[in-house]
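If you want the building blocks of each chain, they are given just below.
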Amino acid sequence: MSHSRRRFLTYLGMGTYAALACPSRAAAAAPAAFPLPRPRGAAPLFRPIAPSTEDKLLLADGFRYDTVCTWGDPLGTRGLHGPETFGFNNDFLAYFPIDALQGGKNSNEGLLWVNHEYPNPLFVSGYDGMSTKTEAQIVAEKLSVGGSVLHVRRDASGGVWRHVPGSKHTRRFTALYPTMEVTGAASARVPRATGTLANCSGGRTPWSTVLSCEENFHDYNRGNGVSTGTGYRWSDVPDQAIQEREYGWIVEVDPFGDLPPLKHSALGRFAHENAAWRLAPSGKLVVYMGDDAQDQFLYKFVSAEKYKADAPRAEKRKLLTAGTLYAADFGAGRWLPLDIARSPALRAAGFADQADVLLRTRDASRALKATPLDRPEDCEVHPLDGTLYVALTNNTAHGNYYGQIVRLLEDKDDAGGESFRFEIFLAGGPQSGLACPDNLAFDRKGNLWVVCDISGKSINKGAYRPFGNNGMFLVPTNGPSAGEAFQFASGPVQSELTGPWFTEDEKTLFLAVQHPGEESKSRAALTSHWPRGGEDVPRPAVVAITGF
Ligand code: FEO
Ligand code: CA
Ligand code: CA
Ligand code: CA
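Residues numbered from 1 in each chain as written. Chains lettered and ligands numbered in written order. Predicted model: local features only at pLDDT ≥ 70, side-chain atom pairs only at ≥ 80, totals over all residues. Heavy atoms only, no water.

Draft legend 1. Quick look at the coordination of the calcium ion (ligand 3). Around the calcium ion (ligand 3), the protein contributes the donor atoms Asp 378 (OD), Glu 380 (OE) and Leu 440 (O), at 2.3 to 2.4 Å from the metal centre. Within one chain, the residues donating to the calcium ion (ligand 3) are spaced in sequence as D-x1-E-x59-L. Residue Glu 380 is found in strand E23 (residues 376-381), and its partner Leu 440 is found in strand E27 (residues 437-442); the two are separated by 60 residues along the sequence. (Donors = N, O, S within 2.8 Å, 3.2 Å for Na, K, Ca; no water. Helix = DSSP H or I, 4+ residues; strand = E, 2+ residues; numbered from the N terminus.)

What follows is the structure, given as structure tokens:
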């Protein structure tokens, strides 16, 4: 049992181990060193790499990657707007064994869901940042976001992963298509939505559908459209403006195409980062969710009905249409019900009905005094002990430049309950070797894989200089190296590695390389040429890493 694990058990009153006086590393280090010396435990799988500023995707020795699909690649299918191509800024990935609906675990052929988060106008539409945006430019941007279903296969001879162009499974979802029905209380006000956008991270349900999370939906109508974070001014053409209430939801998509896509309003409306599920002892389905913005909240949804393993998929998905949405109060260790029938403070704060609560979820959480957090990004459930790990990426408004990973334990191990405790599992910074944790993934042994999102503007500058480009890290959660970060990969210039997802046999790790060269100011001054090199523009791409 590691020291940190023992400390958590003691803190929780679950162990007999007495808390040790723990001399700080600073006091032990002589002469003074900065950053503090990093722990030197052994990574279980590889020799860690050093931070890098190279315009390459670097991996630890013994691993290699195949590029599965790159922005702009033809998919071999036709949509309403002509031949379909792979979208921009790939983020969340979820692999579905091709035989998943028959209970299979095929790890050499499957469907890969890919989120496409946001466009970079410089590359996607050629918008110059000066004039009014044209309809053609807006349509190009709308077609670049949403999601893709790729049929992927590992060839038997070389073991190379490729996608299968023109497969009957291949499909694009965009901001233009298809129309999606809204479920839950808010459907009374917003019955349906045109397509999906701002698809950041997500989750995979136990019935083999995707939960795709609409994050920064407020960026699209407004802004000057010059670069990310400043808006895409789709409202320059009034017919192309989006109705913002149609976005900011969790979208459920069936990659196998049997079930229509749905937006589930019972899970709230905010800058949805991801969705991680667990079953409560009662049999109810619990979905944990982060809202990635400064001083926003951590949420969970508890279904009204119980999960029935033998029910048809169309029945199982109804679990996401009714239940209780909660926001976390970390001070009291309470889950606060965002339920107008249970929390009188909501009516007192002016909420008219539950639809209103769901449409303005952030305001409702604030009215109940939920705890503002440092940008809650991904959360994942530990496969061995059921605790929830939450990446708080940073909050520069409060001097938290490096972020942390919080570990949350539900009282009585009941994910459906209303009280919890927490600890800090890992603090970002030079002492741990990583900064700004974002997506998380567990392998079956309970190793936590962490990708980082230092913003493109900040990489290699100031407080972020020690970290080089954004990378991927393995952090054991048990054993002698528990809590230590070992660098596994380093991304190209100004990229962020996103969407780590293992096949069922854990022999392949799918990974997205998002926004390489995103700080390029013009096509004549590109900051990255990844992946094709030469003078090519930088291109987001999805890779398959093997060697495990
Ligand atoms: Fe799209 Fe919160 O990252
Ligand atoms: Ca993210
Ligand atoms: Ca994740
Ligand atoms: Ca992020």
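Draft legend 2. Looking closely at the pattern of salt bridges. Scanning the model with the defined rule gives 30 salt bridges in all. We note a salt bridge from Arg 64 to Asp 66, for which the minimum N-O separation is 2.8 Å. We classify Asp 66 as buried; its relative accessible area is 8%. We note a salt bridge from Arg 421 to Asp 411, for which the minimum N-O separation is 3.0 Å. Here Arg 421, found in strand E26 (residues 420-427), pairs with Asp 411, found in the loop between strand E25 (404-410) and E26; they are 10 residues apart in sequence, far enough to count as distant. Salt bridges linked by common partners bring Asp 356, Arg 360, Asp 363 and Arg 366 together as one network. (Salt bridge = Lys/Arg side-chain N within 4 Å of Asp/Glu carboxyl O. Buried < 20%, exposed > 50% of the residue type's maximum accessible area, 1.4 Å probe, protein only.)

Draft legend 3. Here's a closer look at the packing of aromatic side chains. Enumeration over the complete set of coordinates arrives at 31 aromatic pairs. Each ring, one from Trp 161 and one from Phe 510, has its centre 5.0 Å from the other, and the planes form 75°; the classification is edge-to-face. In this pair, Trp 161 is assigned in strand E8 (residues 161-163) and Phe 510 in strand E32 (residues 508-514), connecting sequence segments 349 residues apart. Using a relative accessible area of 0% as the deciding quantity, one classes Phe 510 as buried. Judged by centre distance (6.5 Å) and plane angle (85°), the rings of Phe 297 and Tyr 299 are edge-to-face. Ring pairing ties together the aromatic residues Phe 46, Phe 63, Trp 449, Phe 488, Phe 502 and Phe 548, which thus form one cluster. Taking NZ or CZ as reference, Lys 133 lies 4.8 Å from the ring centre of Tyr 127, over its face. Above the face of the Phe 96 ring, Arg 204 is positioned so that its terminal group lies 5.8 Å from the ring centre. (Phe/Tyr/Trp six-rings, centres within 6.5 Å; stacked < 30°, edge-to-face > 60°. Lys NZ or Arg CZ within 6 Å of the ring centre and 35° of its normal.)

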